[in-house]
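# A structural walkthrough
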Amino acid sequence: MEIFRKKSIEDLLNQAEKKEGSLKKELGAFDLAMLGIGAIVGTGIFVLTGVAAAEHAGPALILSFILSGLVCIFAALCYAEFASTVPVSGSAYTYSYATFGEFIAWILGWDLILEYGFASASVASGWSGYFQGLIAGFGIHIPKAISSAFNPANGTYVDVPAILITFIITFLLTRGVKHSARFNATMVIIKLAVVVIFLAVGAWYVKPDNWTPFMPFGFSGVASGAATAFYAYIGFDAVSTAAEEVKNPQRNMPIGIIASLIVCTLLYVAVSAVLTGIVPYQLLDVKNPVSFALNYIHQDWAAGLISLGAIAGITTVLTVMVYGQTRLFYAISRDGLLPKVFSKVDQKKQIPVVNSWITCLLVSVFSGLIPLGKLAELTNIGTLFAFMSVSIGILYLRKTQGAPKRGFRVPLVPWIPLIAFLSCGYLVLQLPGITWISFLVWLFIGLIIYFSYGRKHSKLNNRTA
């Protein structure tokens, strides 16, 4: 069937190497690692750690983060081989085009649009909340009507700070990928410094008695905590969307993906250990557990720094999510499945400028006007499906192409891809029913767009026809 026609890896590589409409190769391994850490260390470390400890795992949250980190590392190994073998923009969408064909690639691309779009919008809303909390400490208050998303019953109509930060981030992204990478690296260093300060200050106040009982909810609590903690790792797949702008991708892509995950896992484990050592886990069900812990031990000066670190952390997450969305639009449009405007590249800067501003407007509408609520969970289901497709795709790639002659290879094939697939499958089954229903509605909309527009304009189908 024509909708299942595949692109060969040679075609994908030739398309990426075309001078006209191609992206500029400026990123190294350090830039990629910073992108990964920027995407992962955000609200997860500043918010999720407390809730997961109080409601699911207690002090054994340490084990939860190790478990979910292992799941992600298995998936990351599969991403690393694909990114090394097929260093082309589009992440799981592009990999699926080469392994499963156009229709499955579109489903995954549409799925990733959901992931990056809602993640960007919800992160912008979160940034707005932290920013307003910070300036409130200086006696500055934004008028209520423009302080949050549309909710007339609560007296709010539009979240202006969320819209402003989205425009600022987009302006930086349109300056060029190297400028964006420098800004991201600066913000990452700030937030890592803040996390190190928390660990250095908090370590002196740890009471081992707070770690007993270590597993108050049993191993089922650890597993439940791992399912929750998994969402703190969402974002490393955004690194693979940068593949086409990387110098020496065979070497640098695997280093960037795996190094960012290892660093983030170590940080999450260390923060969880100190947090539950300072404060009894029952008290950690708060929105700001890290600063709460510092206030608990009367280190108020450090608690103020945490707010600054949280804002820097969320800024980098938003930067990487918007970046990932624009590169995904670029890859899908270049194949003809979305309008050409999304793959138009500025000849001087060699980046998709028009695409970036369209993405900015879409994210601004969602973050500024629509209270996302449970829709944010769609980010999780989208990511898990992408991880599963990439994991099983490695098996297909090895069967048809054999082990790659250069670049990174997943060890212990087929076991590691199978473990990644099954563990992600287990986590996706833990999501609530409303998330599944919303996800299926989103996919139905995607099918309408594909059969009414994408199938007719597909460059692969038109060429083979």
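For the structure given in this document, a descriptive report is provided here. Everything numeric here is computed off the predicted structure, so don't read it as measured data. (Residues numbered from 1 in each chain as written. Predicted model: local features only at pLDDT ≥ 70, side-chain atom pairs only at ≥ 80, totals over all residues. Heavy atoms only, no water.)

### Brief notes about the state of the cysteines
Within this structure, the stated rule accounts for zero disulfides. A disulfide-free cysteine, C72 has its sulfur positioned 7.0 Å from the sulfur of C424, the nearest such atom. Of the cysteine sulfurs around C264, a residue in no disulfide, the closest is that of C72, at 10 Å. (Disulfide = S-S within 2.5 Å.)

### Brief notes about the nonpolar core
Among the nonpolar cores identified, the biggest contains 135 residues, and L27, Y79, Y93, F198 and F236 are the most heavily contacted of them. Here this core takes 16 residues from helix α12 (residues 300-334), the largest share from any one element. The contacts of L27, once residues within four sequence positions are left out, are L32, L35, V177, A181, A242, E245, V246, K247, N252 and Y323. (Core = buried A, V, L, I, M, F, W, Y, C linked by side-chain atoms within 4.5 Å. Buried < 20%, exposed > 50% of the residue type's maximum accessible area, 1.4 Å probe, protein only. Helix = DSSP H or I, 4+ residues; strand = E, 2+ residues; numbered from the N terminus. Contact = heavy atoms within 4.5 Å.)

### Brief notes about the packing of helix α11 (residues 289-296) against α12
Remark: α11 packs on α12, axes separated minimally by 8 Å, with the N-to-C direction vectors making an angle of 170°. The orientation of α11 with respect to α12, classified from their angle, is roughly antiparallel. For the pair α11 and α12, the contacting residues are V290, S291, L294 and N295 in the first and D300, A302, A303 and I306 in the second. In terms of residue class, the contact of α11 with α12 is made up of five nonpolar, two polar and one charged. (Axes fitted to C-alpha atoms, helices over the stretch in contact; angles between N-to-C directions. Parallel < 35°, antiparallel > 145°, perpendicular 65-115°, else oblique. Nonpolar A, V, L, I, M, F, W, Y, C, P; charged D, E, K, R; others polar.)

### A closer look at the side chain of R327
Here R327 shows up in helix α12. In contact with R327, other than residues within four places in its own chain, are L23, S89, G90, V177, T241, E245, I351 and P352.

### Thoughts on the side chain of S147
Note on placement: S147 falls in the loop between α6 (102-136) and α7 (160-173). A residue is classified by how much of its surface remains accessible, and S147, at 14% relative accessible area, is buried. Among all residues touching S147, those that are not within four sequence positions of it are S128, Q132, I142, T156, V158 and D159.

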